[in-house]
Structures are given as C-alpha cells and as structure tokens.
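Listed below, chain by chain, are the residues.
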Number of protein chains: 2
Amino acid sequence: MESGRPYSRLLNRLDRTAVLTSADKQLLAELPLTVRNVAAGAAIVPAEEPQCILVVNGFACGSKRVGVGRRQITSLFVPGDIAGLNGLLLPGSDDNLSPLGPAVIASLPYQALEEMLDHSPRLAQAFWRQSFIEAAILREWIASLGRREALARVAHLICELVVRLQAVGVAKDHSFTICWTQMDVADACGISAVHANRVVQELRRLELVEWDAKHLQIRNWDALAKIGEFSDDYLQHYVRPVPPVRYDFDRHLAC
Amino acid sequence: MESGRPYSRLLNRLDRTAVLTSADKQLLAELPLTVRNVAAGAAIVPAEEPQCILVVNGFACGSKRVGVGRRQITSLFVPGDIAGLNGLLLPGSDDNLSPLGPAVIASLPYQALEEMLDHSPRLAQAFWRQSFIEAAILREWIASLGRREALARVAHLICELVVRLQAVGVAKDHSFTICWTQMDVADACGISAVHANRVVQELRRLELVEWDAKHLQIRNWDALAKIGEFSDDYLQHYVRPVPPVRYDFDRHLAC
DNA sequence: CGACCGATTGACACAGCTCAAATGAAGTGG
DNA sequence: CCACTTCATTTGAGCTGTGTCAATCGGTCG
C-alpha cells in the first residue's frame, strides 16, 4: 500500500487530465518508478542520466541561477506532478530540479516513458495536455512577477499552492504541511529573503494565514485571494476531474 | 509565391524542430490557412471561435490583465511561430492573443490541425516539441522578471528577439523592423511605460542599439548580451536546425 | 557548549512608480 | 493647406516599495 502511493499519485493526476482506459492504467502501473527520499538541498536528477521525476510527497521545483548567486524558481511541483517531461523531447534542457524541503521523489527513466507513450496515443495526449497545463501556470507566474507587488505575489503563491494541493488531496481545509525556507518563498516570488520575511509577517498580522516552520493554515481565504488577485481560472484544467475533449488521439486507432 | 509565404514560414519553423518526411510537408501544405492583415490594436481570435494562429509577418503576443488596467505580456510570437496551440487540448484557455504593431496573421481552425495530427504522429511530436520550446522561453522570462532589473530585462528581450528573428530569416545583421510602442516594451518587461522610455534612452546613450519608430539595429551585441545576461541556451532548440531525437512517435507505425 | 542555520529587526539607499506637463508626429476634416 | 485631435515619446519631481547591509535572536544538532 505504501509502495502503491507513487502510482496512485500519478493516476490521481492523470485521471483529471484525460479519460483513461483500464489498459492505460495498466501501462502506467508498469512504469518502473524508483522511489526515494531526498533531503532539503539534495540534487534530484543526476546530470549524467537525465530523467523524469514524479513528486510523491513534499515539493520540488525547477530553478535558474541569474547574475551572481541570485536564484529564481521557475516552476513548482506538488505530489502527483511530473517534472522534467520536457527533457523527453528537448534533450539537454534540464530545469535544475531540486526539492523544496525534504521530499519523496520517484524517478522515471525517459526510455520507459517513451515506450509507454508509444503504446498509447491516449496517454501521449494526456501527457501533452499536462505540459499545456504547466505552461498555463508559467504564464500566470509571469503576470505575477511582472505586475504584482510582493505582498500580492506571496498571497497568490499561497493560493495556488492550496488549490493544487487540495486537487490531489494533500491539503484539506486550507491547511497543509510545507517545509519551505523563507528564502524559498523569496526565490519563487522574485523578492529578497528579508522582504519575504516582512511579507509573511504582514500576512500573519492581517490574520490571513498561520505559518510556522512546517505548517501553513489559511485563516481568511477570501481576503487572501483578494490581496493576491487570485482567480483559479488558469488552474481549471489542473483541477477539473475530466475536461471536455477536443482532440482525441485515439480516433486514428480505429482505422 | 506571396500566398506561399505562410506555408514556408511554418515549414521553416517545424523543419528545425523535427525531421519531416515529404508526406508530412504535404500535410502541412494542405492546412487551410486564412491569411489576413491585422491592425495594431485589433483582436486576432474571435471569442466565439477559438483557433490557432500562425504569425506570418510582424509580432503577436499573449497577454493578461492584472489588477486595474495593468497588462502583462506573457508570450511573444514572431513569424513562423504558432500561437494558441494550447487551446487544442485545453479548451477555454485562451491567451488573449493580439498583434504587437501591425501584423500578418494566418488563422488555422483547431479541427484541421486535429485531423492533420491524427494522420502523422511525427507531426504531433513536432508540435508537442514546439510547446516545450515555448515553455522553455516562458521559464526564461520568469527568471528575467523575477531577478533582473529593468535595463537587463529590456536588453534581454532585445537579444531574444534578434536570435529568434534571425533563426527564421526575418532579421539580418542584428537589425530588424519592429513597430512596437514603448508601452509594449513596458508590458513585456513588467515595468512602467515611463521607465521603459528611460531604459531605451539609456540603451541608446550607451550606443548598444539604434531604435527609432519602426526599426531596431543592434550596435554592440556583446555589450548588450552582457548587460541583459543573455545566453542563448534556452533558445537552442528554437534555433537549432535538427535536434537529436530521443523519443520518436513514428516507431510504433512500423508495427 | 559551540556551531550553524533560519527567522527577525533596523537603518539606509536606490530602482522604479506615479503624477503631470510638454513636445513631437501623424492623421482627419473642413 | 491649415486647425485640430490623437497618440507616442520625452522630461521633471517627488514618493514608495524593495534591496542591501548588518546585527540579533532562536532553535537544532553534534
């Protein structure tokens, strides 16, 4: 049961993304996932052997170094998310994946993924859709970084986190475990660590959130969403159980 | 010949992205592209009939409104680029596409695209790869908006523009036509219009670029790239003629 | 107990924003 | 061909959000 979690996470995610046949689910279950714990600062993907990863517990992120020492987190992964998919078609475009806090990660060799997608165009579609969903989130981050001030950015980030976590059942009642450093918050929101601290304090002072070392609890969702100018539109496809189908790869299997 | 341009643009782009058979090229040539001119502020995609667009000449962008009236450009499209692909699998996730300056745009109904992808997994792969390339650019923008100051952001944007334009043969010798408003620059870089003006003047004063109403000429590439902290790594797959193949959809056609 | 790391606080500097006004360029219509 | 409008660029002045630097505090671990 414990060893089944990676698969249930993956299923839980993909099931919202596409209608999967039992054959598809079977293929997913046969993926050779290698689960392991990674400590807060550790490297996830060995440079010599690029691969996909599936977040099982905790958080992972892709980040870039810019200028001297400055770090910017460019994407965020919660349990059930697949990171590094792009490396499948874009060799060498590693995202510098790392955990945010301690995390449980399953690695998935590209080759196995490849073979699976070969056998199911429907799954290929599902994974393509995943990458569109990820891109939608990237665009929202761009809007946030470009046009919102620090308080709103952090509020927005928190809102996104809850919505995504609740969608996969890792958060309940606007409350979840989060072992981030305030530096992590800073690097995600494009602000300095000192200012991240002040912003978090402000959110606490306004009684919008409770946030200690390992746990975050939203006290006033409406106000937080308002300050963060948060609308879950861009997460619709992330959250929605089964989206309407426009383009169905499977049709040409009927030939 | 004039009517052939949209197809050659599209071919020019995809040819760098994947190895296309002549059958694939034939399929592409059969796409029902509707070419038209759009004025600077006009709408590109009618809300009642979402579709893909192919930029033939000029620029297009996806943007978001955030807060009161503030606009953030989230993605940028140059000739040969396909915008709105995500709508194919994510209905309703319109990007609010609009031209930047006057542009020549070809519209492409989702249904036609759908049918084409049904007939060629290789093309489906090529388009999937395109969306990964787009996402790589989004990540770089996040880094820029989060961690670079205004001067560097604008410099970086200019560098990206030249590289992309030169890749499709629309710019030569670090020089190209660009009918943007300084407000457009501001909205792309997440700064105010007034500051965008000051930054552009600074770039002129440093003799890095010449930039009048309709034309931009880079005077000192090295210095510009240095100020913008620009490295074309993230554009490798955009530029590179034919990338090494890791995952090839076509293999399962051999069965 | 000492070392270390992250959170916190204060003081100060500055990049970039807002407001407001002036200038210039490009139509538009009489 | 000349007012007149409109829109983009430019300039100045003051304000503010955020960064930097530096010190302190608190917890954790060996």
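Scope of this entry: the structure provided in the associated data block. Given the structure is predicted, the values throughout are model-derived calculations rather than measurements.

What follows concerns the nonpolar core. If you look at the biggest cluster of nonpolar residues, it comprises 156 residues, and the most contacted ones within it are A:Phe127, A:Ile158, B:Phe127 and B:Ile158. Excluding residues within four positions of it along the chain, A:Phe127 makes contact with A:Leu14, A:Leu28, A:Ile82, A:Leu85, A:Leu113, A:Met116, A:Leu117 and B:Trp128.

All names here are of chain A. Reading across from one edge, E6-E8-E7 is the order of the 3 strands in this open sheet, with antiparallel pairing throughout. Here the strands that pair on one side only, and so sit at the sheet edges, are strand E6 (175-177) and strand E7 (209-211). Neighbour-to-neighbour, the strand axes of the sheet open up by a mean angle of 10°, direction not taken into account. Across 3 bridges, E7 lies against strand E8 (residues 215-218) in antiparallel orientation.

Let us look at the relation of the copies chain A and chain B. Of the transformation placing chain A onto chain B, the axial shift is 0.0 Å and the rotation is 180°, giving an RMSD of 0.0 Å. Such a combination of turn and shift is consistent with a two-fold rotation axis. Interface residue correspondence from chain A to chain B reaches 100%, placing this contact among same-surface, isologous pairings.

All names here are of chain A. Axis separation between helix H7 (residues 182-189) and helix H8 (residues 193-205) bottoms out at 8 Å; the angle between their running directions is 100°. It follows that H7 is roughly perpendicular to H8 by the angle criterion. Taking contact as the criterion, the partners of Gln182, Met183 and Ala186 in H7 are, on H8, Ala193, Ala196, Asn197, Val200 and Arg204. Residues of the contact of H7 with H8, tallied by class, amount to 5 nonpolar, 2 polar and 1 charged.

With 59 residues of chain A at the contact, the number on the chain B side is 59 residues. In this assembly, chain A packs against chain B so that about 5600 Å² is buried in total across both faces, 62% of it on carbon and sulfur atoms. Where chain A meets chain B, there are 8 salt bridges. A salt bridge links B:Arg147 to A:Asp187, with the shortest nitrogen-to-oxygen separation between them at 2.8 Å. Remark: the boundary between chain A and chain B carries 20 residue pairs in polar contact (both at pLDDT 80 or more). When residues of the side of chain A that touches chain B are traced back to their parent elements, those giving at least two are strand E2 (51-66), strand E3 (70-77), helix H3 (86-89), helix H4 (110-119), helix H5 (121-147) and H7 of chain A. The leading source of residues in the side of chain A that touches chain B is H5(A), at 19 residues. Here the residues of the side of chain A that touches chain B are counted per class, giving 27 nonpolar, 14 polar and 18 charged.

For the rest of this paragraph, the subject is unusual backbone geometry. Residue and element names in this part refer to chain A. Of note in the backbone geometry, Asn96 takes a positive phi value of approximately 55° without being a glycine. In this structure, Asn96 sits in the loop between H3 and strand E5 (97-109). If you check the backbone angles, Asp173 has positive phi at about 55° while not being a glycine. Positionally, Asp173 belongs in the loop between helix H6 (150-167) and E6. Assessed through its relative accessible area of 67%, Asp173 is described here as exposed.

This paragraph deals with the protein's contact with DNA strand C. Around DNA strand C there are 16 residues in total, and A:Gln182, A:Asn197, A:Arg198, A:Gln201 and B:Ala150 lie nearest to it. Of what DNA strand C places within 4 Å of the protein, 67% of the atoms are sugar or phosphate. The separation between a phosphate oxygen of DNA strand C and a polar side-chain atom of A:Gln182 is 2.7 Å. In the model, a phosphate oxygen of DNA strand C is placed 3.1 Å from a nitrogen or oxygen of the B:Arg70 side chain. Of all the secondary-structure elements, those providing two or more residues to the surface near DNA strand C are H8 of chain A together with helix H8 (193-205) of chain B. Top element by residues in the surface near DNA strand C is H8(A). It accounts for 5 residues. The residue makeup of the surface near DNA strand C, split by class, is 4 nonpolar, 7 polar and 5 charged.

Calculation rules
- Residues numbered from 1 in each chain as written.
- Chains lettered and ligands numbered in written order.
- Predicted model: local features only at pLDDT ≥ 70, side-chain atom pairs only at ≥ 80, totals over all residues.
- Heavy atoms only, no water.
- Core = buried A, V, L, I, M, F, W, Y, C linked by side-chain atoms within 4.5 Å.
- Buried < 20%, exposed > 50% of the residue type's maximum accessible area, 1.4 Å probe, protein only.
- Contact = heavy atoms within 4.5 Å.
- Pairing = 2+ DSSP bridges.
- Helix = DSSP H or I, 4+ residues; strand = E, 2+ residues; numbered from the N terminus.
- Axes fitted to C-alpha atoms, helices over the stretch in contact; angles between N-to-C directions.
- Least-squares fit on C-alpha atoms with pLDDT ≥ 70 in both.
- Parallel < 35°, antiparallel > 145°, perpendicular 65-115°, else oblique.
- Nonpolar A, V, L, I, M, F, W, Y, C, P; charged D, E, K, R; others polar.
- Buried area = accessible area lost by both parts, 1.4 Å probe.
- Salt bridge = Lys/Arg side-chain N within 4 Å of Asp/Glu carboxyl O.
- Polar contact = N/O pair within 3.5 Å; in protein donor to acceptor, adjacent residues only side chain to side chain.
- Near = heavy atom within 4 Å.

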